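Each chain is listed here by its residues.
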Amino acid sequence: MSENAIRIRGLRKTYRTGKVSVDALCGVDLEVPNGEFLSIVGPSGSGKSTLFHIVGGLTPPTAGEVVVAGLNVSTVGDRGRTELRRKHVGFVFQKFNLLPNLTARDNIRTALYISGLPSETFDPEFTRILDLLGIAGRLDHKPSEMSGGEQQRVAIARALATRPRILLADEPTGNLDSRNSLAVLDLLKDLNERLGQTILMITHNADAAAFGRRIVHMSDGKISPAN
Amino acid sequence: MSGGFTFEQGHSFEKPDDILLDRYYAEQRHVHVGDPISMLNRSWHIAGIVEPGKLAHIFLPIAVLQDLTGCTGKVSQVYLKVDNQSNLEAAFNQLKDKYVDFPIYTMQAFTSLVSVQNIPLLAGFINAVIGIGVVIGFAVVSLSMYMAVLQRTREIGILKSLGASNRFVLGMILAEALILGLGGTLFGIALSFASRYFMQHLMPASLPQAIVPIWWPIAGAIAMGAALLGALYPGMMAVKQDPIEALAYE
């Protein structure tokens, strides 16, 4: 296992629509050691979501080197990025993104099934995570029967089910009230401190970012010089 | 030729107004032995109900019918049964020689006159109907799969974010199409039994509906083939979908 969970060198991302080019990332350098809880803060359009998508293998970089969990995202191609998502990273989104027709248990099992892991029962370690998240008793409910906070905790459980090296959270409290936001951020902090889970969270909220061990600011597609 | 009547109720002709019905016709008209029945502008007395499969549903004494239709002493058709199949050709030739001006057919030639192949345009019409059915089925399956994929854009994005490969997503969509095709085939087979049941109970003396099991695998192959082909384009569309755009889909 490499020392850094994430290593980014000279990352650039340009979106082209017809003749129009937009530089979303203009040379980002970043290292995230294993066990880090890193918050990336920045205003809308600063490039933090693009960075999140590239690190998560949802889109390829235009230039630069991005190594996530030992996998060079810049060179692996679509299959490699799919493998990255399947084995090494887990996503938590602002809109929860649970499969609406499945129960919480089946949402988690889907992630296990796609990863080729046993999905019939949960192992004791994962059961402990479910207890920590406080959703062990809500597993047979569908997302529509749960509060926003519960849905986000199920999303965190699903993201952790395959034991990814990195948990990627994109505005995880963006759709939650202040009480549930606090609960989710406490959980992320707890997961980092108790289980050593590497977490990269992007947010525009400075209070939420403060839950990370390190905060990085982004603006205009670059890591802010202040950091 | 028919092996004679097998009476299920009643007896043969005894009076000039006696009429015999087969079971199908009696069930369709809800009548029983002893009931009156109107036909040919007069009332008849149902003397017996016979087993079906005797070339007709209604039977009258020939002399009575000849009188009623003004054809006393005349017949329109005569069926002959040879004692041995090997004598058929000789008997046929002998009859042709003796009754030169009469149309005489072997049963094989006679039935071939009403077969699909000998009715002008019927075979083509049937093929056209089958073709239209296949095209419409293909279009409906394709459209519904397209809509299903479109409605699940976000879910496909979620699956991709969980690491689902293109093969997984395509396989899932094709498997769904296959299940739909198989389910549709089984439902169609069940419907054919249901339609036969209703036809037999509501119009038992109408055309009998034959269920041909040998067509089941053919129909199934057409349905599942159309479903698979119909799902291929939306499936490929889902595979090519950008996960970020799919996740942002509302």
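The present account deals with the structure reproduced in this document. Here the structure is a predicted model, which means the values were calculated and not measured.

Right, let's talk about the packing of helix 5 (residues 122-151) of chain B against helix 8 (residues 215-240) of chain B for a bit. Residue and element names in this part refer to chain B. Between helix 5 and helix 8, whose axes approach to 8 Å, the crossing angle comes to 35 degrees. Note on packing geometry: the crossing formed by helix 5 with helix 8 is right-handed. On helix 8, the residues touching V134, F138, V141, S142, M145, Y146 and V149 of helix 5 are I222, A226, A227, L229, G230, A231, Y233, P234, M237 and A238.

Our focus in this paragraph is the interface of chain B and chain A. With 17 residues of chain B at the contact, the number on the chain A side is 20 residues. There are zero salt bridges connecting chain B and chain A. Applying the counting rule to chain B against chain A returns four residue pairs in polar contact (both at pLDDT 80 or more). Among the secondary structure elements, those contributing two or more residues to the side of chain B that touches chain A are helix 6 (153-161), helix 7 (166-202) and helix 9 (243-248) of chain B.

In this section: the pairing of strand 6 (residues 89-92) of chain A. Residues and elements named next belong to chain A. Along strand 6, one buried face is formed by V89 and F91 and the opposite face, lined by G90 and V92, is buried too. Across four bridges, strand 6 lies against strand 7 (residues 166-170) in parallel orientation. By the bridge assignment for strand 7, F91 is matched with L168.

On to the packing of aromatic side chains, then. Following the criterion strictly, the structure yields eleven aromatic pairs over all chains and no others. Ring centres of B:Y99 and B:F102 lie 5.7 Å apart, and the angle between their planes is 90 degrees; this geometry places the pair in the edge-to-face category. The exposure class of B:Y99 is partly exposed, given its relative accessible area of 36%. Geometrically, the ring pair formed by B:Y197 and B:F198 is edge-to-face, given 5.5 Å between the ring centres and 80 degrees between the ring planes. Each residue in the set A:F52, A:F91 and A:F93 is aromatic and connected to the rest through ring pairs, giving one cluster. It is B:R42 that lies over the ring of B:W44; its NZ or CZ is 4.1 Å from the centre.

About the thresholds
- In this convention, every chain numbers its residues from 1, walking through the sequence in written order.
- By the order in which they are written, chains take letters starting at A while ligands take numbers starting at 1.
- Local features in a predicted model are, by the rule used here, given only for residues with pLDDT of at least 70; side-chain atom pairs are given and counted only at 80 or more, and totals for whole chains, interfaces and linings are based on all residues.
- Only hydrogens and water are set aside when side-chain values are computed; all heavy atoms of the structure are taken into account.
- Angles run from 0 to 180 degrees between N-to-C directions of axes, and those axes are lines fitted to C-alpha atoms, restricted for helices to the stretch in contact.
- Each helix is a run of DSSP H or I of at least 4 residues and each strand a run of E of at least 2, with the numbering of both proceeding from the N terminus.
- By convention, the crossing between two helices is left-handed when the near helix turns anticlockwise from the far helix through less than a right angle, and right-handed when the turn is clockwise.
- The contact criterion used throughout is that any non-hydrogen atoms of two residues lie within 4.5 Å.
- Salt bridges are defined as contacts in which a side-chain nitrogen from Lys or Arg sits within 4 Å of a carboxyl oxygen from Asp or Glu.
- Any pair of N or O atoms that falls within 3.5 Å is considered a polar contact. Within protein, one atom must be able to donate a hydrogen and the other to accept it, and sequence-neighbouring residues count only if both atoms are side-chain atoms.
- Burial classes follow relative accessibility: with a 1.4 Å probe on protein chains only, a residue under 20% of its type's maximum area counts as buried, one over 50% as exposed, and anything between as partly exposed.
- Strand pairing follows a simple DSSP-based rule, namely that at least 2 bridges must link the two strands.
- The criterion for an aromatic pair is that two Phe, Tyr or Trp rings (for Trp, the six-membered ring) have centres within 6.5 Å, with stacked assigned to planes under 30 degrees apart, edge-to-face to planes over 60 apart and tilted to the rest.
- When the NZ atom of lysine or the CZ atom of arginine is within 6 Å of a ring's centre and also within 35 degrees of its normal, the charge is said to sit over that ring.

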